Amino acid sequence: MMKNYVKDRYELAAQTLSKKLERRNFEVIICQDLEAAKKSALRMIASDKTVGFGGSITVEKSGLIEALYQRGQQMIDREKTETPEERHRVMKQALTADYFLTSINGISEDGQLVNVDSVGNRVAALTYGPDKVLAFVSMRKVYGDVETTLEMVRKNTAPLNAHRLGLEKTPCIKKGNCGDCLQPECICNTIVITRRSMVKNRLAIFLLLEDVGL
Ligand code: SF4
């Protein structure tokens, strides 16, 4: 059987990175795949607490949201709203959930987290509010130093997200590359670097040894 070099490389890199992340007060869970991440997140979340989520196709793809619904978890879900006003209210409510589920756009090799956000609710929850944040991220998103990570997130992930959302007036859709735009449709409104967590283990990072997410 052919050796899985990518997974082997990711596994060693994840062990090295986890030490850097833990020094910054982040909790680290190394997961073979999304299924393992889902199972371990389900164990971590107390069943009588509220859960908010947003801005992560990786979390959605894992099936974690459905599994939480199935076990009767109290979910704060903006997708279940019917009007823009109600959606806004639920998004604000998610900022005070007991747990918040999301992902991270990029991690530097020294363990800093880079996120670009449109509305800002995802980076708000990541920074302050929910007692515990669970973030899923593939080892593919570990790019190098913090400048390189920021550049990769802005030049690669953000344009891909704009394409996914079909934001046709943005330069990244018209030309394929980020044009550092200030368009009304721009999704790159807030760029956040999380160097360290003040509260130890508030932010749990699930490092995935497979290629998932944008
Ligand atoms: S062109 Fe605008 S929306 Fe597209 S990636 Fe760049 S800053 Fe973001």
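Scroll up to find the structure.
Cut-offs applied
Residues numbered from 1 in each chain as written. Predicted model: local features only at pLDDT ≥ 70, side-chain atom pairs only at ≥ 80, totals over all residues. Heavy atoms only, no water. Helix = DSSP H or I, 4+ residues; strand = E, 2+ residues; numbered from the N terminus. Rg over C-alpha atoms; globule rule 2.2 N^0.38 Å. Contact = heavy atoms within 4.5 Å. Areas by Shrake-Rupley, 256 points an atom, 1.4 Å probe, with all protein chains shown as cover. Lys, Arg positive; Asp, Glu negative; His and termini not counted. Charge placed at Lys NZ, Arg CZ, Asp CG, Glu CD. Near = heavy atom within 4 Å. Nonpolar A, V, L, I, M, F, W, Y, C, P; charged D, E, K, R; others polar. Core = buried A, V, L, I, M, F, W, Y, C linked by side-chain atoms within 4.5 Å. Buried < 20%, exposed > 50% of the residue type's maximum accessible area, 1.4 Å probe, protein only. Phe/Tyr/Trp six-rings, centres within 6.5 Å; stacked < 30°, edge-to-face > 60°. Pairing = 2+ DSSP bridges. Axes fitted to C-alpha atoms, helices over the stretch in contact; angles between N-to-C directions. Polar contact = N/O pair within 3.5 Å; in protein donor to acceptor, adjacent residues only side chain to side chain.

(A) Summary view of the overall build of the chain. Along its length, the chain carries eight helices and ten strands. In terms of overall size, the chain behaves like a compact globule, its C-alpha atoms giving a radius of gyration of 17 Å where 214 residues would be expected to give roughly 17 Å. In terms of its C-alpha atoms, the chain occupies a principal-axis envelope of roughly 50 × 45 × 40 Å. Of the contacts made within the chain by residues no fewer than 6 positions apart, 76% connect residues no fewer than 24 positions apart. Working note: accessible area of the chain is about 11400 Å², and carbon and sulfur atoms make up 51% of it. If you average the places of the 32 positive and of the 27 negative side-chain charges in the chain, the two averages end up 3 Å apart.

(B) Up close: the site of the ligand. Inspection of the region around the ligand gives 13 residues, with Cys-172, Cys-178, Gly-179, Cys-181 and Cys-188 positioned closest. Put simply, the parts of the chain that give the shell around the ligand at least two residues each are helix H7 (146–165) and helix H8 (171–174). Element by element, the count of residues in the shell around the ligand is highest for H7, at three residues. For the shell around the ligand, the residue count by class is nine nonpolar, two polar and two charged.

(C) Representation of the nonpolar core in the model. In this structure, Leu-21, Ile-107, Leu-113, Met-139, Leu-203, Ile-205 and Leu-207 are the most contacted members of the largest nonpolar core, which totals 26 residues. Mapped onto this core, the elements with two or more residues apiece are helix H1 (5–23), helix H5 (84–94), helix H6 (121–127), strand S7 (132–138) and strand S10 (203–208). A total of five residues in this core trace back to one element, the largest contributor, which is H1. The residues contacting Met-139, other than those within four sequence positions of it, are Tyr-10, Ala-13, Ala-14, Leu-17, Leu-207, Leu-208 and Leu-209. In terms of nonpolar packing, the next biggest core, distinct from the first, is built from 23 residues, Leu-34, Ala-41, Leu-42 and Ala-204 among them.

(D) Quick peek at the packing of aromatic side chains. Inspection of every chain in the model, using the stated rule, returns one aromatic pair. Ring geometry for Phe-136 and Phe-206: centres 5.1 Å apart, planes at 55°, overall tilted. With a gap of 70 residues between them, Phe-136 in strand S7 and Phe-206 in strand S10 connect regions that are remote in the sequence. Classification of Phe-136 as buried rests on a relative accessible area of 1%. Since its relative accessible area comes to 0%, Phe-206 is described here as buried.

(E) Spatial organisation of the sheet that holds strand S9 (residues 190–194). Taken in spatial order, the four strands line up as S8-S5-S6-S9 in an open sheet, and their pairing is mixed. In this open sheet, the two edge strands, each paired with only one partner strand, are strand S8 (142–144) and S9. Pairwise comparison of adjacent strand axes, ignoring direction, gives a mean angle of 30° for this sheet. Strands strand S5 (106–108), strand S6 (113–117), S8 and S9 of the sheet are contacted by H7, whose axis makes an angle of about 125° with S8.

(F) View of the side chain of Asn-25. The topology assignment puts Asn-25 in the loop between H1 and strand S1 (27–31). Within the structure, Asn-25 has its side chain in polar contact with the backbone oxygen of Ser-197 (distance 3.1 Å). With sequence-adjacent residues up to four places away left out, Asn-25 is seen in contact with Arg-196, Ser-197, Met-198, Val-199, Lys-200 and Asn-201.

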